[in-house]
Amino acid sequence: MAHDTHIHVRSQAEFEYAKKKRADEMKGHLATFAIMIFLTLIAFTMVAAGFSAYLIVPIILLLAGIQVILQLYYFMHMSGKGHGMVAFFMFCGMFVAFITVLALVTIVWW
Amino acid sequence: MSSIAQKKGFGATIWDFMTTVDHKKIAILYLISGGFFFLVGGIEAMLIRIQLAKAGNDFLSAGTYNEIITMHGTTMIFLAAMPILLAFMNAIMPLQIGARDVAFPFLNSLGFWLFFFGGIFLNLSWFMGGAPDAGWTNYASLALASEGKGIDFYSLGLTISGFGTLIAGINFLVTIINMRAPGMTYMRMPLFTWTTFVASALILLAFPPLTVGLFFMVFDRMFDSNFFAVEMGGNTIIWEHLFWIFGHPEVYILILPAFGIFSEIFAIFSRKRLFGYTALVFATILIGFYGFMVWAHHMFTVGLGPTANAVFALATMIIAVPTGIKIFNWLLTIWGGNISFTVPMIYAVAFIPSFVAGGVTGVMQAIAPLDYQLHDSYFIVAHFHYVIVGGVVLAILAGTHLYWPKMFGTMLSEKLGKWTFWFFFIGFHLTFFIQHFLGLMGMPRRVYTFGADQGWDLFNAISSAGAVLMAIGIIILLVNVVMTTIKNERVGNDPWGDGRTLEWAIPSPPPFYNFAQTPLVRGLDTFWIEKMEGNKKGMIFAEPLGDIHMPNNSFIPFVISLGMFIASFGALYFLDDDKPWALPVLIIGLLITFGSMLVRSLKDDLGFHITKAELLEDAKGGKTDGH
Amino acid sequence: MDINQKYTPQSWPDHPETATMEGKNKFIGFWLLLAAETVTFASLFATYLALKDKGPSGMEFSAAGLFELPLVFAMTMILLTSSLTSVYAMYHMKNHNFKAMQAWLGITVLLGATFLGLEIYEFNHYVHLGFGFTNSAFSSAFYVLVGTHGAHVLFGLSWFIALMLRNAKRGLNMYNAPKFYLASLYWHFIDVVWVFIFTVVYLMGVIG
């Protein structure tokens, strides 16, 4: 493992390109952030406006789900290279999380 | 116990083991402490069988009996079976994938010491006012009513050792994902590595619910919260769910590595490639997946309602299918093989009918209406001992014989091994087979005695006699270990002569860097392929001989765990008015833990390099060529 | 890996967090820990949902009467923004701009500390109203769920601060780049959990 860091000095063009790419990506992140703020506003506004609970609950849960996907895939780069196993285990975790919540909200004996 | 360790003084050896980050030494630590707890749990089992040997016995009081059954179950599952399996995973898995160590050597050591101190803490309850007495499942309605500190020892001890296990799980997963040698694709990994992988994934996702449940238990008992306090709106069924969401995958955490060990044994001693390798791999993954969807079959009689019971009954029956696939694959591996009946192979062959018997009674209990009859009877006790002893313990004994030369460099006596086997195997069936009938005759579990007029005397006496045979078997094993260690006849790379995977291509025990050169893997059963092609070195190499980077030893894991251990005593007596020292103890313990964690993160620990010259020197010393 | 190896923006790799074997291992291991944390929080959420509004007969407090949205809205905005600022910090980490990274991390820490302060204020407020930890099953479940999240925020803050102080003088290298990256992943995960807390606990609490 001593030999696993090769220093690669990029040419000016390569460097500029990579930098530009990162800057573009950052713009995407800003847009993502705007969407997240917007979704949060919708959720809070719906509750404040006092719509029926049957309408609000599914919608705000959906909005929360979208926000989480945005966080995972954009801010945390889960779609990036080398994230295959990561995504697999996160989905396994979400699956167990889902059945845990499902069990305790439906079949707990009350 | 490597040859290097023996040249050191006794104190230096102890210090070496306390600071080691070498996966092979940590494996030995796991094996020794797991073996110790196995003996403790075994003594508890013998006490249970003495108490039940005759009707109306007063050898143990009812209260002591409750403590002993609780500690027997808890010790055997958490402190004996799992650590011993972790010992084999640690010792063998990195060698099988051609890695020089696990991904996080420091965390490996931390995981061990957390488990160790957690286990010691739990067992100290015997000397500090009484052990837990609400059963190993610790159901909340019982546990909240339990007086004394026993349950708190249980919650705190299992929390600590649970953290250790979680760390071990993550470590193995990352090791397998990232550290496989070139050419070692997922579908070329030996079955033991595969089962380690899936079992670690189960540890990763199953331990958090247990930890959360244990925290609730601590809060409820010590800080007056109301999670399980029904009069305050709490719900004791939440504990049962959280416990079994962990508890059922736990069963597979135990049995999958056992399957892995047997898969290796069948292939080695039938001198054949595993039949249906791909099917075995996918069955393993499927079992892991289904393992999370069946937990409520432990709770059929709670009253979850017909829909929930039907869903979980069905899921439970389905999980028998991949297990059945495995059984057939093993049978077909033996079929037509050139079989040598060594001790590990005898265990493996005995495992199949024993485990199938346990599996079949499991499917019986999957039928929810029948489970109402069987629940809490000795039929259940018979069932789970058939899967745990007939599966896991037989695998542990088989693995001990199989991997002893790889871990210690010397072979356990085959002759004594066969004696152990016969005593243990006959004793096992004598003890537990008859308990099926005791259960069907109505004998309830967890009751400390029975009446002479109930007609259970003879069967219970037979069961106790069987337990004595099992104990004799284990004593012979201990004698075997002592004699083997004294004789200390060194063996070569491949002591069984038929090794198929990479661990058999390197010396026994391997040098601390495992592979002087990383191997190149050309297919399943890597070492076998090279042997068949007449490669004297046993492997081909993926890199030229060069410097090897190794991690430094560290005392910090021990200190972190010690801090947790001390803090637990503070937490335990925190609310007692007559123990004002509890709070300082809690704070000091946490300071030790977090202080040493801070030292760890602030101090750079970059490891060291073994130079090429040293490796060449080592090779000349004959240590890398055992034959 | 040589800790003294100096890098320039030109020689700094595209993915410094996974450029070394140690970095790769930490990266995968940390994500696995997050998967385990997902299950941990799911258990807490599940318990909370099962015990929501459950208490002794005549219980004074219910979710609908207790929670106040303006404060929660402010906390949400602060934490969401801190998620973005940590993205900025990682952007500069990848550009090998150490000073900018430290600055953005500093802003993240400030925002996180504000969030934590508001949470402490909120808890304190509830306790003064008489909604204590031991009142009811509902109160226990609420405090443990939201409090565990708060403890994660506290840990995340300590982690950021320790990293910033430790590396203040020596700048970015292959040894600490994965650490910064993982701390920011942790911070995003805290935000993910909060999204569910404000939705499931507060918003769904207020509508009853």
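Reading the values: the criteria
Residues numbered from 1 in each chain as written. Chains lettered and ligands numbered in written order. Predicted model: local features only at pLDDT ≥ 70, side-chain atom pairs only at ≥ 80, totals over all residues. Heavy atoms only, no water. Helix = DSSP H or I, 4+ residues; strand = E, 2+ residues; numbered from the N terminus. Rg over C-alpha atoms; globule rule 2.2 N^0.38 Å. Buried < 20%, exposed > 50% of the residue type's maximum accessible area, 1.4 Å probe, protein only. Areas by Shrake-Rupley, 256 points an atom, 1.4 Å probe, with all protein chains shown as cover. Lys, Arg positive; Asp, Glu negative; His and termini not counted. Charge placed at Lys NZ, Arg CZ, Asp CG, Glu CD. pLDDT = per-residue confidence, 0-100. Contact = heavy atoms within 4.5 Å. Buried area = accessible area lost by both parts, 1.4 Å probe. Nonpolar A, V, L, I, M, F, W, Y, C, P; charged D, E, K, R; others polar. Axes fitted to C-alpha atoms, helices over the stretch in contact; angles between N-to-C directions. Parallel < 35°, antiparallel > 145°, perpendicular 65-115°, else oblique. Left-handed = near helix turned anticlockwise from the far one by under 90°. Phe/Tyr/Trp six-rings, centres within 6.5 Å; stacked < 30°, edge-to-face > 60°. Lys NZ or Arg CZ within 6 Å of the ring centre and 35° of its normal. Core = buried A, V, L, I, M, F, W, Y, C linked by side-chain atoms within 4.5 Å. Domains from an automatic or database assignment. Salt bridge = Lys/Arg side-chain N within 4 Å of Asp/Glu carboxyl O. Polar contact = N/O pair within 3.5 Å; in protein donor to acceptor, adjacent residues only side chain to side chain. Patch = residues over 30% accessible without salt bridge, like charges linked within 9 Å, V, L, I, M, F, W, Y side chains within 5 Å. Expected span 1.5 Å × (residues − 1). Bend = angle between axes of the 7 residues up to and from the residue. 1 Å grid on protein atoms, 1.4 Å probe; cavity = no way out; pocket = protein on both sides within 12 Å on 5 of 7 lines; lining within 4 Å. Points joined across faces, edges and corners; volume = space filled by probe spheres on them.

**Brief notes about the overall build of chain B**
And step 1. A count of helical and extended segments in chain B gives 20 helices and four strands.
And step 2. Here chain B has a C-alpha radius of gyration of 24 Å; the compact-globule value for 627 residues is 25 Å, and the two agree.
And step 3. Projected onto its principal axes, the C-alpha coordinates of chain B cover approximately 70 × 60 × 45 Å.
And step 4. The proportion of buried residues among the 627 residues of chain B is 62%.
And step 5. Taken as a whole, chain B presents about 22,100 Å² of accessible surface, with 71% of it coming from carbon and sulfur.
And step 6. Side chains of chain B give 33 positive and 38 negative charges; the mean places of these two sets differ by 13 Å.

**A look at the confidence of the model for chain B**
Residue and element names in this part refer to chain B.
And step 1. Overall, the predicted model of chain B reaches an average pLDDT of 93, with 98% of residues at or above 70.
And step 2. Within the model, the stretch residues 1-5 combines pLDDT values under 50 with seven contacts to residues more than four positions away or in other chains.
And step 3. Between residues 623-627, whose pLDDT stays under 50, and residues either more than four places distant or in other chains, the model counts eleven contacts.

**Details of the interface of chain A and chain C**
Frequently, the measure chosen for interface size is the accessible area that the parts lose on association.
And step 1. In this assembly, 51 residues from chain A lie in contact with 55 residues from chain C.
And step 2. Both faces considered, chain A and chain C share a buried interface measuring about 4,800 Å² in area, 78% of it formed by carbon and sulfur atoms.
And step 3. When residues of chain A are sorted by the area they lose upon contact with chain C, R22(A), F44(A) and M76(A) head the list and together hold 14% of the total.
And step 4. Of all the elements in the fold, those that place two or more residues in the side of chain A that touches chain C are α1 (12-49), α2 (53-75) and α3 (84-106) of chain A.
And step 5. It is α1(A) that contributes the most residues to the side of chain A that touches chain C, 17 residues altogether.
And step 6. Broken down by class, the residue content of the side of chain A that touches chain C amounts to 35 nonpolar, twelve polar and four charged.

**Focus on the packing of helix α14 (residues 378-408) of chain B against helix α16 (residues 457-487) of chain B**
Residues and elements named next belong to chain B.
And step 1. Relative to each other, α14 and α16 sit at 15 degrees, their axes nearing to 12 Å. Classified by the angle their axes make, α14 and α16 are roughly parallel. At the point where α14 passes α16, the crossing takes the left-handed sense. Across the interface between the two elements, V389, L397, H401 and W404 from α14 touch M470, I474, L477, N480, V481 and T484 from α16.
And step 2. By residue class, the composition of the contact of α14 with α16 is seven nonpolar, three polar and no charged.

**Notes on the packing of aromatic side chains**
And step 1. Enumeration over the complete set of coordinates arrives at 95 aromatic pairs over all chains.
And step 2. Aromatic side chains F421(B) and F425(B) sit 5.1 Å apart centroid to centroid with 15 degrees between the ring planes, which places their arrangement in the stacked category. On the criterion of helical spacing, the pair formed by F421(B) and F425(B) is a turn pair, its members being four residues apart in helix α15 (residues 414-440).
And step 3. For F421(B), a relative accessible area of 2% gives the class buried.
And step 4. Given a relative accessible area of 16%, F425(B) falls into the buried group.
And step 5. Considering the side-chain rings of W194(C) and Y202(C), the 6.0 Å spacing of their centres and the 45 degrees angle between planes classify their relative orientation as tilted. Both residues of the pair, W194(C) and Y202(C), count as buried.
And step 6. Positioned above the aromatic ring of Y175(C) is the side chain of K26(C), whose terminal nitrogen or guanidinium carbon lies 5.6 Å from the ring centre.

**So, the nonpolar core**
And step 1. Within the largest apolar cluster, 288 residues are counted, with the highest numbers of intra-cluster contacts made by L204(B), F262(B), W31(C), F67(C), F142(C) and Y202(C).
And step 2. If one sorts the elements of this core by residue count, helix α9 (residues 237-270) of chain B sits on top with 22 residues.
And step 3. When residues are assigned to domains, this core turns out to be shared by domain 1 (12-76) and domain 2 (81-110) of chain A, each giving three or more.
And step 4. The contact partners of W31(C), leaving out residues within four places of it in the chain, are L72(A), M76(A), M78(A), H83(A), V86(A), M90(A) and L185(C).

**Focus: the domain arrangement of chain A**
And step 1. Once the domains are mapped, chain A shows domain 1 (12-76) and domain 2 (81-110).
And step 2. Look at where the C-alpha atoms of domain 1 of chain A and domain 2 of chain A centre, and you get two points 22 Å apart.

**As for the interface of chain C and chain B**
And step 1. On the side of chain B, 34 residues touch chain C, which itself brings 35 residues to the contact.
And step 2. Together, the buried faces of chain C and chain B total about 2,700 Å²; carbon and sulfur atoms form 72% of this surface.
And step 3. Where chain C packs against chain B, one counts two salt bridges.
And step 4. In this structure, R170(C) and D604(B) form a salt bridge, with 2.5 Å as the shortest nitrogen-oxygen distance.
And step 5. At the boundary of chain C with chain B, the tally comes to ten residue pairs in polar contact (both at pLDDT 80 or more).
And step 6. Elements with a contribution of two residues or more to the side of chain C that touches chain B: α1 (21-51) and α5 (137-167) of chain C.

**So, a nonpolar patch on the surface**
And step 1. Where nonpolar side chains cluster on the molecular surface, the patch consists of F223(B), F574(B), L575(B), L583(B), I587(B) and L591(B) and spans about 520 Å² of accessible area.
And step 2. With respect to the secondary-structure elements, L575(B) resides in the loop between α18 (556-573) and α19 (582-602).

**A look at α9(B)**
All names here are of chain B.
And step 1. Between its first and last C-alpha, α9 extends 48 Å over 34 residues, near the 50 Å set by a 1.5 Å rise per residue.
And step 2. For α9, the principal kink sits at W244 and spans about 25 degrees.
And step 3. Burial runs high along α9: 33 of the 34 residues are buried.
And step 4. The first or second residue beyond α9 is R271, which carries a positive phi of 50 degrees.

**Some details on the pattern of salt bridges**
Residue and element names in this part refer to chain B.
And step 1. Enumeration over the complete set of coordinates arrives at 20 salt bridges over all chains.
And step 2. Among the ionic pairs, D525 bridges to R500, the shortest N-O distance being 3.0 Å. Of this pair, D525 sits in the loop between β1 (519-520) and α17 (526-532) while R500 sits in the loop between α16 and β1; the two residues are 25 residues apart in sequence, bridging distant segments of the chain. The pair D525 / R500 is uniform in exposure class, with both members buried.
And step 3. One connected set of salt bridges, linked through shared partners, spans K149, D576, D578 and K579.

**A few points about empty space enclosed by the protein**
And step 1. Across all of its chains, the model carries seven cavities of 30 Å³ or more by this definition.
And step 2. Space inside the largest cavity adds up to approximately 150 Å³.
And step 3. Residue lining of the largest cavity: 14 residues in total, with H29(A), H77(A), V87(C), M90(C) and Y91(C) positioned closest to the centre.
And step 4. For the lining of the largest cavity, the secondary-structure elements that each account for two or more residues are α1 of chain A together with α3 (69-94) and α6 (177-206) of chain C.
And step 5. Each residue belonging to the lining of the largest cavity can be placed in one class, and the counts come to seven nonpolar, four polar and three charged.
And step 6. By volume, the second largest cavity is sized at about 100 Å³.
And step 7. Lining the second largest cavity are 14 residues, with E264(B), A267(B), L274(B), T501(B) and D525(B) positioned closest to its centre.
And step 8. In terms of residues, the lining of the second largest cavity owes the most to one element, α9(B), which gives four residues.
And step 9. In terms of residue class, the lining of the second largest cavity is built from eight nonpolar, two polar and four charged.

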